[in-house]
Amino acid sequence: MPEMKNETHFAQFNFPEAPNITTPPPGPKAKALLERQEQVDSQVLTYPHMIPLAPDDGLGATVKDVDGNCFIDLSGGVGVLNVGHSHPAVVEAIKAQCDRAVHMLDFPGEARVKLSEKVLEVIPPGLRGEAKVFLCGPTGSDAVEAGVKLAKMHSGKPGVISFEGGWHGVTGTGLAATGKRGVRDACLPVMPEVSIIPYAYCYRCRFGLTYPSCDLQCAKFLEHVVRDPDTPATNPGCLLIEPIQGEGGIVVPPDGYLQEVRRICDEYGLILIMDEIQTGFGRTGAMFASELWDITPDILLASKTMGGGLPLAAVIMKKELDTWAPGSHVGTFRGNLLSCVSGLASIEAVEEDGLAQRSQELGAKGLERLRAIAESSPYIGEVRGKGLFMGMEFVKDKESKEPAPDILQQVVATCFQKGCMVWKSGRWNNVGRMMPALVITEELLMKGIDIFEQEVQALG
Ligand SMILES: Cc1ncc(COP(=O)(O)O)c(C=O)c1O
C-alpha cells in the first residue's frame, strides 16, 4: 500500500489561484482563437460549442485560458487525465524518450515491454498472471475493434451483445455496439449481428421496476436473449459492456448486476469484454471498476488515461484467448514509444500517489455534497457515481423525470463563466458529469462544487 499523501503534496500539481476569472470568458484572445478555429476546423467539433474555452496552459485539475483566466477543470479530459495536465513525472518521461526514439513498431524496446509488464501488474486480481496485452492503439475505438475481433475469431461466432446507453467509440464495431442512437443511425448500415439490450439503468428502468424488488429483471432479460433461440440475437459469442456507463450518464449498475452478467457469460459460453476505457486506472475508486464488484473479465479494454495524456490503447486478454495468428490484427501506431513512457509514468503515479483510494475518498465527499444539492433542487433527479466519477441527472421535474438538457447546458455555461468546467453526458445530454484529475485537492473540488451549487440554486 502506498503511503497516503496529504493535501500539500497534491497542491503542487494544480495552479493555486484557481478559480480566477479576470476577463469574462471568452476574452478577446479566446474570441479571436475561437473565430480562427471556426474558419479552419470542421463544424463537426463539439466541445467549443459547449463552452468557449481557448486553453493555454494546464496543471493537474486546473487550466488557464489565453486571456489569463484560471479554471477548475472537473472534466479531466473526459477520462484522459487521471494524473492531471502535465504531471511532472509524465512530462519528464516524454522529454527523455524524445531524445531516443519515438516509434519502433512492435519491436521490444525497453519502454514498450516495461509498459506491458506494468499493465499486467495492475489489472484486476483474477487476471494477474493469467493475461497478456496487445497494445493496439492509439484510441479507445481501436481497442474496441481489436477486442471484439479477437472474441469473434476465438469463438467463431458473429454475434455481439451490447447495451442501451453504452458508448464504445466511432469506428465500425464501436459504432455498431454503441447504444446512443444519434451517431449510429446517421450512418446506417453498421456492422450487423449486434444486439443492443437494456442496461441496468435503475433511475429509468426499462421494465418499470425498482431495485432490489426487481430481482434484477435486466439480467434476466439478458439470460432470455442468450438462451432463447428465437430472440433477435444472432449466435452471440461475446458481450461488450461498461462496468459503469460514462457517456451514457454515469450509470452505476446495482450490486449483483455485473455478477449476474458474469454468471450468464460463463453459463452460456460468452466472452465477457469489459470496456474500462473511461473507468480504468483509479477513476472509480479502484484501479479498474470491475474490481468494485469482484468481476474478472475475459477481455479488458483500456485507453484514455492509460497514455497519461498521449494516445494509447490496449486489449488485455486471458491467455487462453490469445489464439489469433500473428498479423491477424495490425495497425501502424500500435504502442508508440512516447505514449508507452508517458503511460508507464502515469500508471506509476496512480500507484505511488494512491490515486484510486484518493478517488474513493474524495468521491464520497463530493457525492455527499452533490446529493444535498439535488435534494434542494427541483431539477436534479438523481446523483450517481463511484469515486471521482460523478453524475447529476437533470430533469424538468422530479415526477415526470423528463430530461432537461437545456437546463444542464445553462448550468454548464454559467459555471464556466465563474471558473469551473463541468461536463455533460447522458442519453439526452442531460447528465452533468464531474470527473476531475485525481490529483485535485479537496479544496479545489469543493470550490468547484460551490460554483455548481450556486448556479443550480440560481435556477430557482
Ligand atoms: C467506454 C468507452 N469506450 C470507448 C470509447 C472510444 O474511445 P475513443 O474516443 O478514444 O475512440 C470511449 C470514449 O469516450 C468510451 O468512453
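Going by the structure above, here's the rest.
Values in this document were obtained by computation on a predicted structure and should not be read as measured data.

Participant: Residue-level account of the overall build of the protein, with values.
Facilitator: The helix and strand inventory of the protein stands at 15 helices and 15 strands. Relative to a compact globule of 460 residues, whose C-alpha radius of gyration would be 23 Å, the protein shows 22 Å and is just as compact. For the protein, the residues scored as buried account for 55% of the 460 residues in total. Within the protein, residue pairs in contact and separated by at least 24 positions form 74% of the contacts whose partners lie at least 6 positions apart. For the protein, the exposed surface amounts to about 19000 Å²; the carbon and sulfur share of it is 53%.

Participant: I'd like to hear about a nonpolar patch on the surface, residue by residue, with values.
Facilitator: Together, M104, L105 and F107 make up a nonpolar patch on the protein surface, roughly 320 Å² of accessible area in all. Judged by its relative accessible area of 46%, L105 falls in the partly exposed class.

Participant: Can you lay out empty space enclosed by the protein for me, pointing to particular residues and giving the numbers?
Facilitator: Evaluation of the coordinates by the stated rule reveals one cavity of 30 Å³ or more. The space that makes up the largest cavity amounts to roughly 140 Å³. Lining the largest cavity we find 18 residues, and of these Y199, A200, Y201, C205 and C218 sit closest to its centre. Each residue belonging to the lining of the largest cavity can be placed in one class, and the counts come to twelve nonpolar, two polar and four charged.

Participant: Outline the pattern of salt bridges, listing residues and values.
Facilitator: A complete count under the given rule lists 28 salt bridges for this structure. Between K365 and E442 there is a salt bridge, with its nearest N and O atoms 3.1 Å apart. Taken together, the residues K365 in helix 13 (residues 355-375) and E442 in helix 15 (residues 442-457) connect sequence positions 77 residues apart. Assessed through its relative accessible area of 38%, K365 is described here as partly exposed. By sharing partners, the salt bridges in this structure join R204, E382, R384 and E393 into a single network.

Participant: For the sheet that holds strand 6 (residues 194-197), give the residues involved together with the corresponding values.
Facilitator: What the seven strands build is an open sheet, ordered 4-10-9-8-7-5-6; its pairing is mixed. Where the open sheet ends on each side, the last strands, each with one partner, are strand 4 (131-135) and strand 6. Sheet twist, expressed as the mean angle between neighbouring strand axes with direction ignored, is 20°. As paired elements, strand 5 (residues 159-163) and strand 6 share four bridges and run parallel to each other. From the neighbouring strand, V160 faces strand 6, where its bridge partner is V194.

Participant: Got a sec to walk through the layout of surface pockets? Specific residues and values, please.
Facilitator: One simple way to see leftover space: roll a probe sized like a water molecule over the atoms. For the largest pocket, the calculated volume is near 1300 Å³. Lining the largest pocket are 41 residues; nearest its centre among them are Y47, V78, W167, E247 and K304. For the lining of the largest pocket, the secondary-structure elements that each account for two or more residues are helix 3 (47-50), helix 4 (76-79), helix 7 (140-155), helix 9 (181-185) and strand 14 (423-425). A class-by-class count of the residues in the lining of the largest pocket yields 16 nonpolar, 17 polar and eight charged.

Participant: Talk me through helix 11 (residues 257-268); I want residue IDs and the actual numbers.
Facilitator: Helix length check: helix 11, at twelve residues, gives a terminal C-alpha distance of 16 Å against a target of 16 Å (1.5 Å per residue), a fit within 8%. Y257, L258, V261, R262, I264 and C265 are the residues of helix 11 that are buried. Looking down the long axis of helix 11, one finds its buried residues gathered within 165° of arc, a one-sided arrangement. Counted as exposed and oriented over 90 degrees from the buried face of helix 11: D266 and E267. Along its buried surface, helix 11 packs onto strand 5, helix 10 (217-227), strand 7 (236-241), strand 8 (271-275) and strand 10 (314-318). Positive backbone phi, approximately 70°, marks G269, located one or two places after helix 11.

Scoring rules and cut-offs
- The numbering scheme is per chain: residues are counted from 1 as the chain's sequence reads.
- Under the rules for a predicted model, residues below a pLDDT of 70 receive no local features and side-chain atom pairs below 80 are neither given nor counted, while totals for whole chains, interfaces and linings still include all residues.
- In computing side-chain values, all of the structure's heavy atoms are included and hydrogens and water are not.
- For the purposes of this entry, the term helix denotes a DSSP run of H or I that reaches at least four residues, the term strand denotes a run of E that reaches at least two, and both are numbered from the N terminus.
- Radius of gyration here is computed from C-alpha atoms only, and the compact-globule reference equals 2.2 Å multiplied by the residue count raised to the power 0.38.
- Each residue is assigned to one of three classes by its accessible area relative to the maximum for its type, calculated with a 1.4 Å probe on protein chains only: buried under 20%, partly exposed between the two thresholds, exposed over 50%.
- In this analysis, two residues are considered to be in contact whenever any of their non-hydrogen atoms come within 4.5 Å of each other.
- We get accessible surface area from the Shrake-Rupley algorithm with a probe of 1.4 Å; when it comes to residues, only the shown protein chains can shield them.
- Without a salt bridge and with relative accessible area above 30%, a residue can belong to a patch; like charges are then joined within 9 Å and nonpolar side chains (Val, Leu, Ile, Met, Phe, Trp, Tyr) within 5 Å.
- Any Lys or Arg side-chain nitrogen located within 4 Å of an Asp or Glu carboxyl oxygen qualifies as a salt bridge.
- Cavity and pocket criteria rest on a 1 Å grid covering protein atoms alone: a 1.4 Å probe that fits but cannot get out defines a cavity, protein on both sides within 12 Å along at least 5 of 7 lines defines an open pocket, and an atom within 4 Å of a point defines a lining residue.
- Grid points are joined across faces, edges and corners, and a volume is the space filled by probe spheres set on the points.
- Gly counts as polar in this scheme, as do all residues outside two lists: the nonpolar Ala, Val, Leu, Ile, Met, Phe, Trp, Tyr, Cys and Pro, and the charged Asp, Glu, Lys and Arg.
- Following DSSP output, two strands are said to pair if at least two bridges run between them.
- A fitted line through C-alpha atoms serves as each axis, taken over the contacting stretch for helices, and the angle formed by two N-to-C directions is quoted from 0 to 180°.
- A helix is expected to reach a length of 1.5 Å times the quantity of its residues less one.
- The arc in question is traced by the directions running from the helix axis to the C-beta atoms.

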